[in-house]
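Understanding the architecture of this molecule
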Amino acid sequence: MTGTVGPGLVGEVILPIRGGSEAFNAYPYVGTDTLPIGTLVRVMEYAQPRIVYVSAAL
């Protein structure tokens, strides 16, 4: 994660796609979660055009 994700914040994650990497805007999957920069995340949901909803990977 390259930008903090939290309530009222739009973060950013870099995901491996088709042999490269692409940036996506990220929001917390659970609306009250805050995920700081560097947190390993799991993509829970994808929305067009480049939005993902993430939670911390355990």
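A brief look at the structure comes next.

Parameters at a glance
- Residues numbered from 1 in each chain as written.
- Predicted model: local features only at pLDDT ≥ 70, side-chain atom pairs only at ≥ 80, totals over all residues.
- Heavy atoms only, no water.
- Phe/Tyr/Trp six-rings, centres within 6.5 Å; stacked < 30°, edge-to-face > 60°.
- Helix = DSSP H or I, 4+ residues; strand = E, 2+ residues; numbered from the N terminus.
- Buried < 20%, exposed > 50% of the residue type's maximum accessible area, 1.4 Å probe, protein only.
- Lys NZ or Arg CZ within 6 Å of the ring centre and 35° of its normal.
- Core = buried A, V, L, I, M, F, W, Y, C linked by side-chain atoms within 4.5 Å.
- Contact = heavy atoms within 4.5 Å.
- Pairing = 2+ DSSP bridges.
- Axes fitted to C-alpha atoms, helices over the stretch in contact; angles between N-to-C directions.

Digging into the packing of aromatic side chains
- Enumeration over the complete set of coordinates arrives at two aromatic pairs.
- A centroid spacing of 6.3 Å and a plane angle of 75° characterise the contact between Phe-24 and Tyr-46, whose relative ring orientation is edge-to-face. One end of the pair, Phe-24, is in strand β2 (residues 20-28); the other, Tyr-46, is in strand β3 (residues 41-47), with 22 residues separating them in the sequence.
- For Phe-24, a relative accessible area of 7% corresponds to the buried category.
- Its end group placed over the ring of Phe-24, Arg-50 keeps NZ or CZ at 4.4 Å from the ring centre.

Some details on the nonpolar core
- Residues Met-1, Val-5, Val-13, Leu-15, Phe-24, Ala-26, Leu-35, Val-41, Val-52 and Val-54 constitute the largest nonpolar core, which totals ten residues.
- Going through the elements one at a time, β1 (11-17), β2 and β4 (51-56) are the ones with two or more residues in this core.
- Residues in contact with Val-52, not counting those within four places in the same chain, are Val-13, Leu-15, Phe-24, Asn-25, Ala-26, Tyr-27, Val-43, Glu-45 and Tyr-46.

Things to note about the sheet that holds β2
- Pairing is mixed in the open sheet, where four strands are placed in the order β1-β2-β4-β3. Taken across any chain shown, the strands that pair with only one partner, and hence form the sheet edges, are β1 and β3. Shown here is a sheet whose adjacent strand axes are inclined to one another by a mean of 45°, direction ignored.

Observations concerning unusual backbone geometry
- The omega torsion across Gln-48 and Pro-49 is -5°, close enough to zero to call that bond cis.
- By the element assignment, Pro-49 lies in the loop between β3 and β4.
- Even without a glycine there, the phi angle at Arg-18 is positive, about 45°.
- Note on placement: Arg-18 falls in the loop between β1 and β2.

Description of the pairing of β2
- Pairing geometry for β1 and β2, over seven bridges, is antiparallel. Bridging from a neighbouring strand, Pro-16 pairs with Ser-21 of β2.
- Counted along the chain from β1 to the antiparallel partner β2, the turn is two residues long, and its residue Arg-18 has a positive phi close to 45°.
- Here four bridges tie β2 to β4, and the two strands are oriented parallel to one another. If you follow Pro-28 over to β4, its bridge partner there is Val-54.

That is the geometry; function is a separate question.
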